[in-house]
Amino acid sequence: MNMKKRLTLRKRKLKGMNHSDRLLTRRMVVFFSQPVVIDTRNQQKLLADQPWEIYCPLKNRTSLNEDEGYSRPLYQHSTFYRIVLPCPHQATAEIEKWHRIRLELVNEFGLSLFGAQATECALELRCELLSQNIDSKNWQHDTEHSIHIRPIQADRWDILNNQTIKWPGFFGGGHGGFEYIIRNVSGKQRHLTKTKYVLHCIPTNNTKQTVDALSLAVPISLSNNSLTGYNWQESGHEYSKVDMGRAFMLDPRLTRAKKDIFCMIREVWDAGTPGKLWDSALVIADLIANRLKQQPRCLEKCHVVDLSAGTGCVGLLIKAMCRSMGNRGPKMTLTDLPEALGLIRRNYRLNQSGIDDQVQIEQLRWGVEADARRVTAKAQVDIVLASDVLYVPHAFESLIATLYHLSTSHRTVVYLAYKRRELRDCDEARFFNRCSQYFHINLVQDLSQMSPPVYWEQRFGPLLSLSPLEIWFSRHLTHANQQGHVQVYRLVKKPALFDSPKFRQT
Ligand SMILES: C[S@@+](CC[C@H](N)C(=O)[O-])C[C@H]1O[C@@H](n2cnc3c(N)ncnc32)[C@H](O)[C@@H]1O
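Please read all numbers here as calculations on a predicted model, not as lab measurements.

Draft legend 1. Quick peek at the packing of helix α6 (residues 279-294) against helix α7 (residues 313-324). Where α6 meets α7, the axes come as close as 10 Å, and the angle between the chain directions of the two elements is 20°. Looking at the two axes, α6 sits roughly parallel to α7. Considering the relative orientation of α6 and α7, their crossing is right-handed. Facing α6, whose interface residues are Ala281, Ile284, Ala285, Ile288, Ala289 and Leu292, α7 presents Val314, Leu317, Ile318, Met321 and Cys322. Among the residues making up the contact of α6 with α7, the classes are represented as 11 nonpolar, no polar and no charged.

Structure, rendered in structure tokens:
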């Protein structure tokens, strides 16, 4: 394809994305990719021909040019992979019948495994059935049904399956799946359509495992016959979209409940950056979880802001942890761009216990002082959690302005979880230099550089980096650096020497 044609193609692709998405994927878009038809039968073959792909359910897939050096850093810092659905899964599972589920492994950008990592990939999965208790709204292991799984069975029509697949999960290639059957073990005939169920696919964490991956939660309905039922999508669109998410088991050492409790987070990958959970979110959630383990009431009466919350995972996990430990937890404000708030609300409803749990979901656009003031007007902010917000250099000034407007000296601490990917040294230095005009900055693991503690830290001590044993939410991820290259910075506003600094409009 000639250069002109490539550029026109690229322009067309970029037009369909929002601005931040465009920047994030700017370097990942390829100019010469062939649209790949998604056909579950031939999928493995088609995908095997195109090893560098961006996960994009139900849209034309794009591939990366292996020659282009810029794609390497996106892999280099990827240690956590995600198990995803490459196509919609059948929403209704009939009891006592075998069903098949196809899966794929991608990193946080949606890039498939490639090269030796793909061909040698081995990941065995187990599966559990979770259901939402109708009264408490807690997500728990379902006690009325059992689930059994087996490797995908060879089909005569599918030559790819003629190899012996040894275990359920992934067995070379980054594409896998398994078959499952659900049986009623209670003997009771429940109103199956009233209960929400989730298939939870989890790495077994055994010695065969070559890749670290987050587990996958797939909503399903159960039926004794072929009725359709519950699905996370709006009604009428049950099979039209890939519907999936993550289920986080709260640390049983923390919870008072006799059963394991899960926090359910839905992802919408084709909604761009806010639609999925980023690695930094896991790291910051673990830091807070660890503090809650030591001091269960440390966040009570605090105001915590999950800035640009995306799926809302960090804030909702914190609320779920506090609830399971029997306290109300902090006043939590989850913020993002207006178009991203819908997913946060859905995730909030998915875990809502029905009690007044002091959760606010607010629009907060970086650099818009009125948005930040609306949040601080409700209560001064004690903790700002900012996970993976440092990726758009042109928005740095606005982001710093927002952190400034949310913060009060001696009162507010910002935890900025940042993973270096494609940002240039000079951009990174520019952000931290500009930030240091208004904030004391230190790494969470380097207390020697720490400025005087803020009010919350005086009472409960600063957040500390974790030992591998203290990690819970990313505990399945054992192979690579547990922090997944994520650094957590502590930012505390300097006492104002002048009235109100002027931030450039960006
Ligand atoms: C990489 S995602 C991180 C999401 C979430 N914090 C996490 O770690 O999973 C970046 C988030 O920044 C938000 N964002 C991007 N530009 C923004 C802006 N100008 N104002 C407010 N939020 C913005 C996006 O909507 C998205 O939710």
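And the narrative resumes.
Draft legend 2. Seen up close, a positive patch on the surface. Taken together, Lys137, Lys196, Arg345 and Arg349 make up a surface patch of like positive charges. Mapped onto the elements of the fold, Lys137 is located in the loop between β6 (122-132) and β7 (139-141).

Draft legend 3. Structural context of the side chain of Arg490. The residue Arg490 is located in strand β22 (residues 486-493) in this model. At 3.1 Å, the side chain of Arg490 forms a polar contact with the side chain of Ser451. Within the structure, the side chain of Arg490 is placed 2.7 Å from the side chain of Glu457, a separation counted as a polar contact.

Draft legend 4. Looking closely at unusual backbone geometry. One non-glycine residue, Asn205, lies in the positive phi region at around 65°. Assignment of secondary structure puts Asn205 in the loop between β11 (197-203) and β12 (213-214). Exposure remark for Asn205: the relative accessible area of 33% places this residue in the partly exposed category. Here the phi dihedral of Ser308 falls at roughly 50°; this positive angle occurs in a residue that is not glycine. Relative to the elements of secondary structure, Ser308 occurs in the loop between β16 (303-307) and α7.

Draft legend 5. The sheet that holds β22, seen in detail. An order of β18-β17-β16-β19-β20-β22-β21 is seen for the 7 strands of this open sheet, with the pairing classed as mixed. Sheet topology places β18 (359-363) and β21 (439-443) at the edges, where each strand pairs with a single neighbour. Shown here is a sheet whose adjacent strand axes are inclined to one another by a mean of 20°, direction ignored. In this sheet, β22 lies alongside β21 in antiparallel orientation, the contact comprising 5 bridges. Bridging from a neighbouring strand, His440 pairs with Val492 of β22. Packing of α7 onto the sheet brings it into contact with β16, β17 (331-336), β18 and β19 (383-387), and relative to β17 it is tilted by some 165°. Along the sheet face, helix α8 (residues 341-350) touches β17 and β18 and points at about 170° away from the line of β18.

Draft legend 6. Focus on α8. Every buried residue of α8 is accounted for by Leu341, Leu343, Ile344, Asn347, Tyr348 and Leu350. Buried-residue contacts for α8 involve β6, β7, β15 (262-267), α7, β17 and β18.

Draft legend 7. Molecular detail of the packing of aromatic side chains. What the rule picks out here adds up to 11 aromatic pairs. Taken together, the ring pairs in this structure connect Phe396, Tyr418, Phe431, Phe432 and Tyr489 into an aromatic cluster. Directly above the ring of Trp98 sits Arg150, whose terminal nitrogen or CZ lies 3.9 Å from the centroid. Seen from the ring of Tyr404, Lys493 lies directly overhead, with NZ or CZ sitting 3.8 Å from the centre.

Draft legend 8. The site of the ligand, seen in detail. With respect to spatial proximity, 17 residues lie near the ligand, and among them Trp278, Ser308, Asp336, Trp366 and Ser387 are the closest. In isolation the ligand exposes 590 Å². Once the protein is present, 94% of that is buried. When the residues that make up the shell around the ligand are grouped by side-chain class, the tally is 9 nonpolar, 4 polar and 4 charged.

About the thresholds
Residues numbered from 1 in each chain as written. Predicted model: local features only at pLDDT ≥ 70, side-chain atom pairs only at ≥ 80, totals over all residues. Heavy atoms only, no water. Axes fitted to C-alpha atoms, helices over the stretch in contact; angles between N-to-C directions. Helix = DSSP H or I, 4+ residues; strand = E, 2+ residues; numbered from the N terminus. Parallel < 35°, antiparallel > 145°, perpendicular 65-115°, else oblique. Left-handed = near helix turned anticlockwise from the far one by under 90°. Contact = heavy atoms within 4.5 Å. Nonpolar A, V, L, I, M, F, W, Y, C, P; charged D, E, K, R; others polar. Patch = residues over 30% accessible without salt bridge, like charges linked within 9 Å, V, L, I, M, F, W, Y side chains within 5 Å. Areas by Shrake-Rupley, 256 points an atom, 1.4 Å probe, with all protein chains shown as cover. Salt bridge = Lys/Arg side-chain N within 4 Å of Asp/Glu carboxyl O. Lys, Arg positive; Asp, Glu negative; His and termini not counted. Charge placed at Lys NZ, Arg CZ, Asp CG, Glu CD. Polar contact = N/O pair within 3.5 Å; in protein donor to acceptor, adjacent residues only side chain to side chain. Buried < 20%, exposed > 50% of the residue type's maximum accessible area, 1.4 Å probe, protein only. Pairing = 2+ DSSP bridges. Phe/Tyr/Trp six-rings, centres within 6.5 Å; stacked < 30°, edge-to-face > 60°. Lys NZ or Arg CZ within 6 Å of the ring centre and 35° of its normal. Near = heavy atom within 4 Å.

It is worth stressing that arrangement in space is one thing and function is another; only the former is reported here.
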